[in-house]
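# Descriptive structure summary
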Amino acid sequence: MAGRIRIDLDSPVPATRQIADALRVELVEGRLKPGDELPSVRRAAVDLGLHFNTVADAYRLLAAEGWIDLKHGRSARVAERKAPPASRDAVVGYRQRLRALVSQMRADGISSRRIADELEALAKGVLS
Amino acid sequence: MANVYWLLLFETVALTDLLLMRVRRDKLTAMVVADSRGISAGRIFRAAILAIALVGGLVITLAPEELVFPWLLPVLMMVPGVPLALFFSWQRRAVASLDAERTPRNAVLDLAGEPRPYAMWLAALPPLVTAGLVYFLATEWNSLVLRDPPPVPAPTPWQDPGFRGLVSLLLLGVVWNVYFGILSLTMWYGVSRQYAFRKSQVHVAVAFSWSETLLMPAVFLPLWLRVPPAGLLLCAASLAVSTWLLVEFGRRAHRDWQTADMPPSSYRFYFDRNDPSAFSNRGTNLGSPWNWALFTAPALFLVLPLLSFW
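Residues numbered from 1 in each chain as written. Chains lettered and ligands numbered in written order. Predicted model: local features only at pLDDT ≥ 70, side-chain atom pairs only at ≥ 80, totals over all residues.

## A look at the overall build of chain A
Along its length, chain A carries five helices and three strands. For chain A, the sequential pattern of α-helices and β-strands runs β-α-α-α-β-β-α-α. Here chain A holds 128 residues, and the buried ones make up 23% of them. Within chain A, contacts between residues separated by at least 24 positions form 45% of all contacts whose residues are at least 6 apart in sequence. (Helix = DSSP H or I, 4+ residues; strand = E, 2+ residues; numbered from the N terminus. Buried ≥ 20, exposed ≤ 12 C-beta atoms within 10 Å, placed from the backbone. Contact = placed C-beta atoms within 7 Å.)

## Considering the overall build of chain B
Looking only at helices and strands, chain B features eleven helices and four strands. The buried share of chain B, reckoned over its 310 residues, is 28%. Once local pairs closer than 6 in sequence are excluded, the contacts in chain B between residues at least 24 apart make up 71%.

## A word on the confidence of the model for chain B
All names here are of chain B. For chain B, per-residue confidence averages 80 on the pLDDT scale, and residues scoring 70 or more make up 81% of the total. The secondary structure element of chain B with the lowest average pLDDT is helix 11 (residues 304-309), at 60, and the one with the highest is helix 6 (residues 125-140), at 91. Segment residues 25-32 is flagged for pLDDT under 50; beyond a separation of four residues in sequence, or across chains, it makes 19 contacts in the model. A low-confidence stretch, residues 96-102 (pLDDT under 50), is modelled with four contacts involving residues beyond four sequence positions or located in other chains. In the model output, the complex is listed with pTM 0.69 alongside ipTM 0.78. (pLDDT = per-residue confidence, 0-100.)

## A few points about the sheet that holds strand 4 (residues 283-285) of chain B
Strand order in this open sheet of three strands is 2-4-3 (chain B), and the pairing throughout is mixed. On the outer flanks of this sheet lie strand 2 (269-270) and strand 3 (279-280) of chain B, each paired with one strand and no other. (Pairing = 2+ DSSP bridges.)

## Structural notes on the nonpolar core
Counting 51 residues, the largest nonpolar core has Leu48 and Val55 of chain A together with Phe180 and Ala205 of chain B as the members making the most contacts within it. Of all the secondary-structure elements, those providing two or more residues to this core are strand 1 (4-8), helix 1 (15-28), helix 2 (41-48) and helix 3 (52-64) of chain A together with strand 1 (106-110), helix 7 (161-189) and helix 8 (197-224) of chain B. With twelve residues, helix 8 of chain B is the largest single contributor of residues to this core. Residue contacts for Ala205 of chain B: discarding those within four places in its chain leaves Ala123, Phe180, Leu183, Ser184 and Met187 of chain B. (Core = buried A, V, L, I, M, F, W, Y, C linked by C-beta atoms within 7 Å.)

## Description of the pairing of strand 1 of chain A
Side chains of strand 1 of chain A alternate between two faces, with Ile5 and Ile7 of chain A buried and Arg4, Arg6 and Asp8 of chain A left unburied. Direction of pairing for strand 1 of chain A relative to strand 1 of chain B: antiparallel, over a ladder of five bridges. Note that in strand 1 of chain B the partner of Arg6 of chain A across the bridge is Val108 of chain B.

## A closer look at the packing of helix 6 of chain B against helix 7 of chain B
All names here are of chain B. The geometry of helix 6 relative to helix 7 is characterised by a closest axis approach of 9 Å and an angle of 170° between their N-to-C directions. As far as their axial angle goes, helix 7 and helix 6 are roughly antiparallel. Where helix 6 abuts helix 7, its residues Pro126, Pro127, Thr130, Leu133, Val134 and Leu137 lie against Phe163, Val167, Leu170, Gly173, Val174, Asn177 and Val178. Residues that form the contact of helix 6 with helix 7 fall into these classes: ten nonpolar, three polar and no charged. (Axes fitted to C-alpha atoms, helices over the stretch in contact; angles between N-to-C directions. Parallel < 35°, antiparallel > 145°, perpendicular 65-115°, else oblique. Nonpolar A, V, L, I, M, F, W, Y, C, P; charged D, E, K, R; others polar.)

## Some points on the interface of chain A and chain B
Between chain A and chain B, the contact holds 23 residues from the first and 19 residues from the second. Secondary-structure elements contributing two or more residues to the side of chain A that touches chain B are strand 1 and helix 2 of chain A. If one sorts the elements of the side of chain A that touches chain B by residue count, helix 2 of chain A sits on top with six residues. Classifying every residue of the side of chain A that touches chain B gives twelve nonpolar, three polar and eight charged.

## Notes on helix 1 of chain A
All names here are of chain A. Helix length check: helix 1 (14 residues) gives 20 Å between terminal C-alpha atoms against 20 Å at 1.5 Å per residue, within 8%. Looking at the buried residues of helix 1, the elements they touch are strand 1, helix 3 and strand 3 (77-78). Positioned one or two residues after helix 1, Gly30 has a phi angle of 85°, which is positive. (Expected span 1.5 Å × (residues − 1).)

## Some points on the packing of helix 2 of chain A against helix 3 of chain A
All names here are of chain A. Between helix 2 and helix 3, whose axes approach to 8 Å, the crossing angle comes to 120°. Relative to helix 3, helix 2 is oriented oblique. With respect to the hand of their crossing, helix 2 and helix 3 are arranged in right-handed fashion. Contacts from Val41, Arg42, Ala44, Ala45 and Leu48 in helix 2 reach Phe52, Val55, Ala56 and Tyr59 in helix 3. Of the residues assigned to the contact of helix 2 with helix 3, the class counts are eight nonpolar, no polar and one charged. (Left-handed = near helix turned anticlockwise from the far one by under 90°.)

## What to know about the environment of Met216 of chain B
All names here are of chain B. With respect to the helices, strands and loops of the structure, Met216 is situated in helix 8. According to the C-beta neighbour criterion, Met216 is buried, with 23 such atoms within 10 Å. In this view, Met216 contacts Leu169, Leu170, Leu172 and Gly173; residues no more than four positions away in its chain are not counted.

## Comments concerning the environment of Asp47 of chain A
Inspection of the secondary structure puts Asp47 of chain A in helix 2. The class of Asp47 of chain A is buried, set by 24 C-beta atoms lying within 10 Å. Apart from residues lying up to four places away in sequence, Asp47 of chain A is in contact with Leu109, Asp110, Ser192, Arg193 and Gln194 of chain B.

## Focus on the environment of Leu172 of chain B
Looking at the element boundaries, Leu172 of chain B is found in helix 7. Expressed as a C-alpha distance, the spacing of Leu172 of chain B and Phe301 of chain B, which sit 129 residues apart in the sequence, is 6.9 Å.

Rendered as structure tokens:
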């Protein structure tokens, strides 16, 4: 059953990115399944208090990644998607982002053991 | 009689200016406004507008109709603009910078769908019911027994002042139907789903629309026509149902309005074209097309006097 996503409109991260990231989490962790209907762009914009284009951009981003189907005149639906084989460049890019994040976590006093546990749990999809 | 319309028009325009004191500054507001409540400029402005509304109203009431329009009314309509201009010039000086106050901006999107309430379709029917009644009256007017028949029967009902007066009053109900129809759409499509009160607002809008539709004929038909006892009973039943709708759904809406999930600042106004919400926890968004429709619908009342010239 689809849940709800929360975004912080005061965050320096753009709202489009936050929406796309939050929806991707729902998709990857299986709470949104192929065939499920997403809220319409207008509905989501009113609920979030954002411009229609902000939500539409997030949906387009996910559509470009193959997560959702966007067809004119009907609601966005979750598409069947097979994960593409990870390229070496992509792995290097994610490693850099993870390194920055892990450094920030350690700087905030979170132990290496705890960070490893959290990452392992996230990778296995056992955190919600 | 026309003076009443001019009076209402003038008072509406004059007193609407008081709402401008409620407009808050916003990062996208073209006209930056400071909080004016509880300060002397705000009090002076309010007193000036109320004085203009009172004196202007008296002048319109007492002046002969041919003087009111088209001579006196346009002049009187411009008078509230003077304190308004002074007030805004004060506001511009009072606002130190364009930095709008920051409000907590967390937003939640429920990914589950939501079916449109069937009750919303009922909002489309009241204008049709009234149109049907007007059509019936127009076709049967000559066979109906009037309380105050004209000395010389008019060739068509539309040339009969009595018929036009009755239809004008019924059309007042249609304006309310339009208003409540727009209100129900605004509440459903223009308000975030995190506010549970929106469903009861849709219901109350539809119920009030039907209440108006039942009320107007129930009150005015017996005043214009000699209605047989069965018709009077029907009017009484219509009046009772209308009152029940008003009281019951008003009570439910009031109960839901008291719950904690209503926007805490719905009495405030802001202008943000990037925010599609008509109402949110920031207040009432004057940049939303839903609110443009909602706030201009009562202007249809101003069209009704034209019916008497028609």
